[in-house]
Amino acid sequence: MKLGVVGLPNVGKSTLFNAITGAGAQAANYPFCTIEPNAGIVAVPDDRLTKLAEMYHPKKVTPATVEFVDIAGLVKGASKGEGLGNKFLSHIRECEAIVHVVRCFEDENIIHVDGSIDPARDIETINLELIFADMEIVARREEKARKLIKTGEKKYGEEADLAKKVLSHLEQGKPARTCPLTDDEKETVKGWFLLTTKPVIYAANIAESDVGEGEEELEMVQKVKQIAADEAAEVLVISAQIEEEIAQMEPDEKSIFLEEMGIGQSGLDRLIRKCYHLLGLISFLTAGEDECRAWTIVNGSKAPQAAGKIHTDFERGFIRAEIVPFTSLMEMGSMTACREKGLIRSEGKEYVMQDGDVTLFRFNV
């Protein structure tokens, strides 16, 4: 999962990304976690893995991971190539979702690029650049489809009409994800790779002094929430400054700090969980003496697809999946006890995976 972190200058985007990268440094030992200068890869928090490790004492524990990409270069006119506009937009296209950092705090020592603090204006600035870029793509789609109508194929007329419908929606300053479409139309638009179809989480960046009770009721946060509600986005209230401090702490120190602040979970952990929910993702688990590992799949995936996450041979030669829910495994204390109680199920190709399934795939290639 790749998430693009965007935001105007001086809204706390770099501070939050530094916190992500700081936390991500701990994930450097995980497979395929090469960290580029503009990317931070962090572990998905999952207490179930810790409990499995206590049970199996494996040689290694491998959590699912999330990659955050720091997308810089946004200024007004980015859709027309201003600043690092083209690079900025191409990076967003490669991401599954957008984390849009919005400044919701006053600080006379940190000058805002527009001279004042206004979350609604900041959101509009970035959203309009994404909308302008999408309008250009959709207009080209419509033009091309209209030229091909003369071939006599019905699909080109339908695509031209769909493009016109989406373009009209964008021209109203609304993201494509809020355009009312049928399932078939959504599938077509998906192939256009529009920026404003991507799910968005607004990270409402508040001052350290505002963290804790009542933070959800802050006036600027309320503005962000209203905008998010209108455009089918989500909101996470976070203090980038505190997250940067947390990222430098040892695990024990971090737990004490979070408890004292009355937070419970770090903002980064909450952000990852919210992204999972937003993208409709779940995790299944594999466990043994060699490795305990979490695997990310789309909710609704069937057993062979999940097996393919581990290796393509597993999907190709899939026979069955032996599954026990994580809660059952914990209650019984071992796989042997689960087997004796008949709690390990043998599931076939049509089985829909559930979050927390502890799974052993049987295959033959």
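Located above this text is the structure these notes cover.
Being a predicted model, the structure only gives us computed values, none of them experimental.

Trainee: Residues and numbers for the overall build of the chain, please.
Mentor: Of the regular secondary structure elements, the chain holds 14 helices and 12 strands. In the chain, which comprises 365 residues, the share counted as buried stands at 47%. Long-range contacts, defined as pairs at least 24 residues apart, comprise 67% of the intrachain contacts of the chain with a sequence gap of at least 6. Summing over all exposed atoms, the chain offers an accessible surface of approximately 18,600 Å²; the carbon and sulfur share of this is 49%.

Trainee: Hey, could you go over unusual backbone geometry for me, with residue numbers and the actual values?
Mentor: Even without glycine at this site, H57 takes up a positive phi of about 50°. By the secondary structure assignment, H57 is in the loop between α2 (47-56) and β3 (60-62).

Trainee: How would you sum up the sheet that holds strand β6 (residues 200-205)? Please name residues and give values.
Mentor: Taken in spatial order, the six strands line up as β2-β4-β1-β5-β6-β7 in an open sheet, and their pairing is mixed. Lying at the two open borders of the sheet, with one neighbouring strand each, are β2 (39-43) and β7 (234-238). Adjacent strand axes in the sheet meet at a mean angle of 25° when their direction is disregarded. Across five bridges, β2 lies against strand β4 (residues 65-70) in antiparallel orientation. Residue pairing in the sheet places G40 in a bridge with F68 of β4. The strands touched by helix α7 (residues 219-230) within the sheet are β5 (97-103), β6 and β7, with β7 carrying the most contacts at an inclination of about 160°. Along the sheet face, helix α10 (residues 267-279) touches β1 (2-6), β2, β4, β5, β6 and β7 and points at about 175° away from the line of β7.

Trainee: Tell me about the packing of aromatic side chains, and name the residues and values.
Mentor: Tallying each qualifying case throughout the model produces four aromatic pairs. For the pair F284 and F361, a centre-to-centre distance of 5.8 Å together with 85° between the ring planes defines the contact as edge-to-face. Within this pair, whereas F284 is found in strand β8 (residues 281-286), its partner F361 is found in strand β12 (residues 357-363), the two being separated by 77 residues in sequence. Residue F284 shares its accessibility class with F361, and that shared class is buried. Across from the ring centre of F105, 4.5 Å away, lies the NZ or CZ of R103, which sits over that ring. Stacked on the ring of W295, the Lys or Arg R293 has its end atom at 4.0 Å from the ring centre.

Trainee: Describe α7, listing the residues and the values that go with them.
Mentor: With 12 residues, α7 should cover 16 Å at 1.5 Å per step; its first-to-last C-alpha distance of 17 Å lies within 8% of that length. Along α7, the residues that are buried comprise M220, V221, V224, I227 and A228. All buried residues of α7 project into a common sector of 125° when viewed along the axis, lining one side. Exposed positions of α7 whose direction lies more than 90 degrees from the buried face are E219, A229 and D230. Tucked into the core, α7 has its buried residues touching β5, α4 (119-148), β6 and β7. Backbone geometry just downstream of α7 places A232 in the positive-phi region, at approximately 60°.

Trainee: Talk me through the pattern of salt bridges; I want residue IDs and the actual numbers.
Mentor: All chains considered together, the criterion is met by 22 salt bridges. K13 serves as the salt-bridge partner of D70, at 2.7 Å between the closest nitrogen and oxygen. Of this pair, D70 sits in strand β4 while K13 is found in helix α1 (residues 13-24), placing the two residues 57 residues apart along the sequence. Under the relative-accessibility criterion, D70 is labelled buried at 18%. As a salt-bridge pair, D313 and R316 come within 2.7 Å of each other at their nearest N and O atoms. With D313 and R316 both in helix α12 (residues 312-316) and three residues apart, this pair spans about one turn of that helix. Judged by its relative accessible area of 24%, D313 is partly exposed.

Cut-offs and rules
Residues numbered from 1 in each chain as written. Predicted model: local features only at pLDDT ≥ 70, side-chain atom pairs only at ≥ 80, totals over all residues. Heavy atoms only, no water. Helix = DSSP H or I, 4+ residues; strand = E, 2+ residues; numbered from the N terminus. Buried < 20%, exposed > 50% of the residue type's maximum accessible area, 1.4 Å probe, protein only. Contact = heavy atoms within 4.5 Å. Areas by Shrake-Rupley, 256 points an atom, 1.4 Å probe, with all protein chains shown as cover. Pairing = 2+ DSSP bridges. Axes fitted to C-alpha atoms, helices over the stretch in contact; angles between N-to-C directions. Phe/Tyr/Trp six-rings, centres within 6.5 Å; stacked < 30°, edge-to-face > 60°. Lys NZ or Arg CZ within 6 Å of the ring centre and 35° of its normal. Expected span 1.5 Å × (residues − 1). Arc of directions from axis to C-beta. Salt bridge = Lys/Arg side-chain N within 4 Å of Asp/Glu carboxyl O.

Bear in mind that shape data such as this cannot, by itself, settle questions of function.
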